[in-house]
Every structure is written in C-alpha cells, then in structure tokens.
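Structural description and commentary
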Amino acid sequence: MSVDMTKWCEIAKANMGKRPAGTGRLVGKICIVTGAAQGFGKGIAEELYKEGATIVIADMNEPLAKQVAQEMGERAVAIAVNVSDEESVANMVAQTVERFGGLDVMLSNAGVVRSGPIAQLEKKDFDFVTSVNYTGFFLCAKYAAIIMEAQHEADPEAWFDIVELNSKSGLEGSNKNFAYAGSKFGGIGLTQSFALELCAYNIKVNAVCPGNYLDGPLWSDPVRGLFVQYLQAGKVPGAKTVDDVRRYYEAKVPMNRGCLPSDVAKAVMYCVEQKYETGQAIPVTGGQVMLN
Ligand SMILES: NC(=O)c1ccc[n+]([C@@H]2O[C@H](COP(=O)([O-])OP(=O)(O)OC[C@H]3O[C@@H](n4cnc5c(N)ncnc54)[C@H](O)[C@@H]3O)[C@@H](O)[C@H]2O)c1
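**Here's the deal with the domain arrangement of the chain**
By the assigned domains, the chain splits into domain 1 (6-211 + 259-284) and domain 2 (214-258). A C-alpha centroid distance of 26 Å is found between domain 1 and domain 2. Taken residue by residue, the interface counts 13 residues in domain 1 and 13 residues in domain 2. Summed over both sides, the interface between domain 1 and domain 2 buries roughly 1,000 Å², with carbon and sulfur atoms accounting for 46% of that surface. Where domain 1 touches domain 2, the interface holds 5 residue pairs in polar contact (both at pLDDT 80 or more).

**As for the nonpolar core**
Met92, Val93, Met106, Ile147 and Ile162 are the most contacted members of the largest nonpolar core, which has 46 residues in total. Counting residues in hydrophobic clusters, the runner-up holds 34 residues, among them Ala45, Leu48, Met72 and Ile282.

**Considerations on the site of the ligand**
Phe40, Asp59, Tyr180, Tyr213 and Trp219 are the nearest of the 28 residues found near the ligand. Methionine 60 is positioned such that a nitrogen or oxygen atom in its backbone is 3.3 Å from a nitrogen atom of the ligand. With respect to the ligand, the backbone of tyrosine 213 contributes an N or O atom lying 2.7 Å from an oxygen atom. For the shell around the ligand, the secondary structure elements donating two or more residues are helix 2 (39-50), helix 6 (178-198) and helix 7 (217-220). With 3 residues, helix 7 is the single largest residue contributor to the shell around the ligand. Along the lines of polarity and charge, the residues of the shell around the ligand split into 15 nonpolar, 11 polar and 2 charged. In this structure, the shell around the ligand is formed jointly by two domains, domain 1 (6-211 + 259-284) and domain 2 (214-258), each of which donates at least three residues.

**Structural notes on the pattern of salt bridges**
Inspection of every chain in the model, using the stated rule, returns 16 salt bridges. The closest approach of N and O atoms between lysine 42 and glutamate 46, which form a salt bridge, is 3.9 Å. On the criterion of helical spacing, the pair formed by lysine 42 and glutamate 46 is a turn pair, its members being 4 residues apart in helix 2. According to the relative accessible area criterion, glutamate 46 is partly exposed, its value standing at 34%.

**What to know about unusual backbone geometry**
Notably, asparagine 202 is not glycine yet its phi reads approximately 60 degrees, a positive angle. Among the secondary structure elements, asparagine 202 is positioned in the loop between helix 6 and strand 6 (203-210). Owing to a relative accessible area of 15%, asparagine 202 belongs among the buried residues under this scheme. Within the chain, asparagine 256 stands out as a residue other than glycine whose phi angle is a positive 65 degrees. Tracing the backbone shows asparagine 256 in the loop between helix 9 (242-250) and helix 10 (261-273).

**Re the environment of leucine 121**
Within the secondary structure, leucine 121 is located in the loop between strand 4 (105-108) and helix 5 (123-154). Residue classification places leucine 121 among the buried positions, given a relative accessible area of 18%. Non-local contacts of leucine 121, meaning those with residues more than four positions away in its chain, are made with Arg114, Ser115, Gly116, Phe126, Phe178 and Ala179.

**Notes on the sheet that holds strand 3 (residues 76-80)**
A sheet is described by the order of its strands in space; here 7 strands give the open sequence 3-2-1-4-5-6-7, paired in parallel fashion. What marks the edges here is a single partner per strand, and that holds for strand 3 and strand 7 (281-284). On average, adjacent strands in this sheet sit at an angle of 20 degrees to one another, irrespective of strand direction. Seen against the sheet, helix 5 touches strand 1 (30-34), strand 4, strand 5 (160-165) and strand 6 and runs at an angle of roughly 175 degrees to strand 5.

**Comments concerning the packing of aromatic side chains**
Per the stated rule, a full pass over the model turns up 8 aromatic pairs. Ring geometry for tyrosine 230 versus tyrosine 249: centroids 5.8 Å apart, planes at 35 degrees, classification tilted. Placement of tyrosine 230 in helix 8 (residues 226-233) and of tyrosine 249 in helix 9 is noted, with a sequence separation of 19 residues between them. Tyrosine 230 sits in the buried class, given a relative accessible area of 2%. Judged by its relative accessible area of 6%, tyrosine 249 is buried. Above the face of the tyrosine 49 ring, arginine 75 is positioned so that its terminal group lies 4.0 Å from the ring centre. Positioned above the aromatic ring of tyrosine 230 is the side chain of lysine 235, whose terminal nitrogen or guanidinium carbon lies 4.1 Å from the ring centre.

Scoring rules and cut-offs
Residues numbered from 1 in each chain as written. Predicted model: local features only at pLDDT ≥ 70, side-chain atom pairs only at ≥ 80, totals over all residues. Heavy atoms only, no water. Domains from an automatic or database assignment. Contact = heavy atoms within 4.5 Å. Buried area = accessible area lost by both parts, 1.4 Å probe. Polar contact = N/O pair within 3.5 Å; in protein donor to acceptor, adjacent residues only side chain to side chain. Core = buried A, V, L, I, M, F, W, Y, C linked by side-chain atoms within 4.5 Å. Buried < 20%, exposed > 50% of the residue type's maximum accessible area, 1.4 Å probe, protein only. Near = heavy atom within 4 Å. Helix = DSSP H or I, 4+ residues; strand = E, 2+ residues; numbered from the N terminus. Nonpolar A, V, L, I, M, F, W, Y, C, P; charged D, E, K, R; others polar. Salt bridge = Lys/Arg side-chain N within 4 Å of Asp/Glu carboxyl O. Pairing = 2+ DSSP bridges. Axes fitted to C-alpha atoms, helices over the stretch in contact; angles between N-to-C directions. Phe/Tyr/Trp six-rings, centres within 6.5 Å; stacked < 30°, edge-to-face > 60°. Lys NZ or Arg CZ within 6 Å of the ring centre and 35° of its normal.

Written out as structure tokens, the structure reads:
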C-alpha cells in the first residue's frame, strides 16, 4: 500500500524558508523523533529541543507522548504512530507538515527487543522485532524522503537528515539477542543504501550506535526490561539476580558507565551539522565497541 503524499509535498515546498525562529544549534529544524515518549527518544528529544529544534514526539503510547510534549514546551507536539504500519507512518509525516509546515530531521528511534536462545525464540517474536526495528526504519525514511525531496526542489541549498537510532548490536553480534542484532545490522545496510540514493537531494542518512542505556526503561523495567529477560534467558553465566546482570554489563564498558541520552544527542547533532558525512554508523559506546 502506498499513501498519496502529493498535497503534503506541495505544502512543504511552499513553506521552505519559513521556519520557526529562536536560538540554538538546531534552530528552525523541524524534527520527528519516533519512540520519544520514554527512554533514549525522550532524552534525545529534550536535548534537541533545548538547542532550538521543533519536535514531534511520535509514539505508540499516545497518552505518554502527549504528556512529554506538553512538558517540553510550545515547539513540541505529540503524534500517535505505529512505525511498522505504512499508513500510520504516512499520517505521522503528513500531520507534521500540516502542523509545522515541513520536515528537516527524521530520527528513527522507536525500537523493541525480544531476546532468547535460537532454539526457543518464536517466529512471531522475531517478526515483531524485524517489523519495528528494520521495516519501521524503512517506512520512516521513505516518507521523510518523499517530503525532503520535494523541499530540495523548492530550495536546493537546504540540508535534511535521516538518522537511525541504531545500536552497538548493529556493529557486532549479540549473544541470544539475534533478532535485535540482525535488525540493527540490517538498519546499517539501509542507512548506507539510502545515503547513496538521497545525497543527490542534500539528504544525509546516518546511524548512531549507542551502548547500553542501563538506567533507561528498556534495561531497568522490572517486568519486561533486559536485565530481567537476560537473567531468565541465562545470558550472563552465574548471574543469580538482576543486580548481577547489571554489574556484568557495567564492567564491559571501558569508561565504566552506561550510555546516556545526552551522549547520543551529541552524535545526532554532529550528523545534522555536518555537510560532508553520510552513510556512517557512529558508535557512542564509552569505548566498548570500536570501528575497524
Ligand atoms: N536502551 C538501550 O540500552 C539501547 C542501546 C542501544 C540502542 N538502543 C536503541 O534506542 C532506541 C530506543 O530504545 P529505548 O531503550 O529508549 O526503548 P524504550 O523501550 O525505553 O522506548 C521505546 C519507545 O518506542 C515506542 N515504540 C515501540 N514500538 C513502537 C512502534 N511500533 N511505533 C511507535 N512507537 C513505538 C514505545 O512506546 C516507547 O515509548 C531503540 O531503537 C533501541 O534499539 C537502545
């Protein structure tokens, strides 16, 4: 299924050169951050907002997204989306153009994890991870590119960004976490391929690959968090408690702490400010994973 974006392209073209005023490194940038109701997405969106960006908090969890947008301020709005559903993603982009007049940065951050040994992980869990992390990135990039290509036609000097919130697990394999690692490795293949196609329109496409946000809900949620999942999957040899699992992961980081949204936001801003960098996968791992 493909959604007709013609009307929204025309509106976006007419609005080039009309961006919100203010101060900061990202002033005038209209940004969608998917999965921004909590976790990395929320923290990164807050950092971008502080630097003058206009922010769409795009998330499946609409009540929480609304609360986050309201707390952030008048340049933030919540839009409900399921990134694995094409019509929903098209509507998210259309509503962004309707509300703010265009789109400059798509930060594809929404992501999920289902871990477990290969002999036990069910196909439905594998498909779920793939549909959000891999297909979701394709859909977000697709509808961002449609609007950004039109904006490029209206203003060939303007620059746009698609950034995937990838992972260190997109750079090296992850034991008993293959559905996730596979989706993230795939995301880097998409990043490089989109970058090659879209640089003709001044659209940069990069991936940012953080280490573990040990304080965030993905890890620390007491029911569905990774500490609990990894304990149950027996991923950490000898671990008897959630604290044992946490200490094991902290000890793996040369800089001795988990990754924070502020660390990742710096890499996102680097991507946006660059005019000579595309198709890259930038590790933000405290030295845990280094590029070859
Ligand atoms: N937490 C980490 O340690 C870590 C490390 C490296 C990379 N990452 C990546 O960072 C990104 C964010 O992770 P997080 O830890 O903040 O996760 P999180 O679970 O804390 O938050 C994810 C958010 O995405 C939303 N979401 C989930 N599925 C969605 C869908 N189909 N459509 C729209 N929204 C959806 C959820 O409602 C939630 O608000 C993910 O891509 C993840 O792979 C996380």
